Amino acid sequence: MKLSFLLLLCCANLFSQSVPEKWLTYYEQSGYKKTPRYKETMEYCRKLEKASPWIKVTNFGKSPEGRDLPLVIVSKEQAFDPQKAAKSGKVIMLIQNGIHSGEIEGKDASLMLLRDIAITKTKASLLDHVILLVIPIYNVDGHERFGPYNRINQNGPEEMGWRVTSQNLNLNRDYMKADAPETQFWLRLFNDWLPDFFVDCHVTDGADYQYVVTFGIENTPNVAPPVREWITQKFLPQISSLKTNGNIPVGQLIFLRDDLDPMKGLAGVSGTAPPRFSTVYTTLQNRPGVLIEMHMLKDYKSRVEGNYEMLDAIIQKLNAENASLRSAVRRADEQTTSGLPHTYALTYRGDTLPNHNVTYAGFRQKNEASDISTGTRRSYTREPFEASVPAYDSVIVDKTVEMPFAYLIPQQYQTIIYRLKLHGIKFDRLTSPVDIDVERYRLTKPKWATAPFEGHIGVTTTTEKFREKTSFPAGTIVVPMHQRTAKVAAQLLEPDAPDSFVGWGFFDAIFEQKEYAEDYVMEKVSREMMQRDPKLRQDFDDKVASDSGFAKSASARLNFFYEHSPYWDNQINLYPVARLMTETSLSTDRTK
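Definitions and limits used
- Per chain, the residues get numbers from 1 upward, laid out in the order the sequence is written.
- A pLDDT threshold of at least 70 governs which residues receive local features in this predicted model, and a stricter bar of 80 or more applies before side-chain atom pairs are shown or counted, although totals over entire chains, interfaces and linings include all residues.
- Only hydrogens and water are removed before side-chain values are computed, so all heavy atoms of the structure are retained for them.
- Where helices are involved, their axes are fitted lines through C-alpha atoms of the stretch in contact, as for all axes, and angles between N-to-C directions lie from 0 to 180°.
- Note on conventions: DSSP H or I runs of at least 4 residues are helices, E runs of at least 2 residues are strands, and numbering of each starts at the N terminus.
- Throughout, the term roughly parallel applies to angles under 35 degrees, roughly antiparallel to angles over 145, roughly perpendicular to angles from 65 to 115, and oblique to all others.
- Each crossing gets its hand from how the near helix is turned against the far one by less than a right angle, where anticlockwise is left-handed and clockwise is right-handed.
- Contacts: residue pairs with any heavy atoms within 4.5 Å of one another.
- Only protein chains enter the accessibility calculation, which uses a 1.4 Å probe. A residue is then buried if its area is under 20% of the maximum for its type, exposed if over 50%, and partly exposed in between.
- To form a nonpolar core, buried Ala, Val, Leu, Ile, Met, Phe, Trp, Tyr and Cys residues must be joined to one another through side-chain atoms within 4.5 Å.
- To estimate the expected span of a helix, count its residues, drop one, and scale the result by 1.5 Å.
- At least two DSSP bridges between two strands are required for those strands to pair.

**A look at the packing of helix H16 (residues 534-546) against helix H18 (residues 554-563)**
- Between H16 and H18, the least distance of the axes is 11 Å, while the angle of their chain directions is 150°. Judged on the interaxial angle alone, H18 and H16 are roughly antiparallel. Read as a crossing pair, H16 and H18 show a hand that is right-handed. Residue-level inspection shows Leu-536, Asp-539, Phe-540, Lys-543 and Val-544 of H16 in contact with H18, the latter providing Arg-557, Phe-560 and Phe-561.

Encoded structure:
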């Protein structure tokens, strides 16, 4: 088992050795230079299905341009639906390729691996304790925006797909807000199957270095303790010990703290990214997720080989640790269902101090002044070097929140409720009205981004917490937090979370004033208010004296009194989602 991780030595000639010519993939037949289009990819998948009872080709939805979103299910027992797969007792592993369809090595590696499992059967043992779900191409519309000039930083293949979808959305920023139809279908797939392990295949941007294969896996305190223990004790020891062997060096994900000086160390190799990213999202669902990143500047042949070997090695590991992985995932789900910690960490930030040193295998670089950009021109030599550099991969809790017993959402927020359902979050509806004490947020000082990001103008706010007794009508949505998907719910519904519905702008309407006072009305009313309330008059005078902008604005001065009048809309800036802090018996029906 250990050797399978220490010796990633195979070359493409070995992959195709003893493979009948008719089973060579389009990539292999092209001399390892080309990747097939969607049509050719699906033809090969159907060919595999026709030849092997272990393979079923289906789809999990349709793209905006009408293409099937393909799914290949691989099982010796023909456990081709979620119920049969769950009853098999085997690890269910989801392999995703082509979320950025210019980064397509995983597709070609997966096709060869499926062939070697089901046709030549040189890798048939990979199915002994594992059922595979393989998405050959996730971003199918982007895949068909095909051409040689789609990835300026990347060395091959000769032509490739595009990074984003036909709606210009980056699917690997969409896992929480779930705007894209592709994401919505993916979430249904994930929650139907609940795979035990997830792999997402990519290609890097960034620095030049010796590694062909790099990988990342969330291993910070945001990971459920049983899963984190499994990653630390069962998975990482062998994966992290991979060294440069033969032609395929492997290392952990590389983020230089300073692109001009690698000796300053590596940052974020354990990851503190928000859950809009695939392998962080699966962490919220208590499933380990590995991000495979092939190095963009290596030739396409080396990158496909490396992706193949990495997938092979991971699946071997899951076979060896199938029982321990399933146990870890089950215990994590049970712990989350029992309740999150009273104080739950919404965000983490990287520590400013290194916690250990790692060996970095890079290439010497030259930094010089650029007469074009006027910045620093960075160029790399072919001279390799290895050096011990500091790693800044510890994280510190940044923002925390006290977990409620349940969230209460007005039933009219259908866009939000629909997305909760997509994420597998269970909720009930009040069957009769109720008056209860809850905790509320008023969101003040909203500040919108100056440019759109993934189709949204993001907003940041200051949260002011208060308690009040509130009336909730029948039909109000109740999201109990004693459930498996509680962490997903908290990250969506807490305004301070990095991918909250508030932050993405789903609640922007609450910041808008809808009723206004005429100035001649407020001229009269303001005088009456000051006459009745000397303290209000003093507050007004103090604000005039301390705020020059306010003092010079006739509308602001009059609006001061409107805001302090009984006519002011007390729901402006009021976050409509309430927090029920104590266990309370409510009359509800479970929504399906």
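That shown, we press on.
**Overview of unusual backbone geometry**
- Look at the link from Gly-156 to Pro-157: it is a cis peptide, with omega at 5°.
- Tracing the backbone shows Pro-157 in the loop between helix H7 (140-143) and helix H8 (181-193).
- Notably, Ala-178 is not glycine yet its phi reads approximately 55°, a positive angle.
- Mapped onto the secondary structure, Ala-178 falls in the loop between H7 and H8.
- Among the residues examined, Ala-178 registers a relative accessible area of 0% and is labelled buried.
- Phi angles above zero are rare outside glycine, and Thr-374 is one such case at about 70°.
- Relative to the helices and strands, Thr-374 resides in the loop between strand E11 (356-369) and strand E12 (376-392).

**Here we look at the environment of Ser-394**
- Locating Ser-394 in the fold gives a position in the loop between E12 and strand E13 (395-402).
- With 45 residues separating them in the primary sequence, Ser-394 and Arg-349 have C-alpha atoms 8.6 Å apart.

**What to know about the nonpolar core**
- Core analysis: the biggest nonpolar cluster contains 129 residues, and Met-93, Leu-132, Trp-186, Phe-197, Ile-292 and Ile-314 have the highest contact counts within it.
- With 8 residues, the single largest contributor to this core is helix H11 (residues 300-320).
- Apart from residues no more than four positions distant in its own chain, Phe-197 is found in contact with Ile-92, Met-93, Leu-94, Trp-230, Phe-235, Pro-288, Val-290, Ile-314, Leu-318 and Leu-325.

**Looking at H8**
- Over its 13 residues, H8 extends 19 Å from the first C-alpha to the last, a length consistent with the 18 Å expected when each residue adds 1.5 Å.
- Of the positions making up H8, those classed as buried are Glu-182, Thr-183, Gln-184, Trp-186, Leu-187, Leu-189, Phe-190, Asn-191 and Trp-193.
- Trailing H8 by a residue or two, Leu-194 shows a phi angle of about 45°, which is positive.

**Thoughts on the sheet that holds strand E8 (residues 266-267)**
- A sheet is described by the order of its strands in space; here 3 strands give the open sequence E8-E12-E11, paired in mixed fashion. Either end of the sheet is taken by a strand with one partner, and the two such strands are E8 and E11.
- Where E8 and E12 come together, 2 bridges link them in parallel fashion. Within E12, the position partnered with Ala-267 by the bridge is Tyr-392.

On their own, these measurements won't tell you what the molecule is for.
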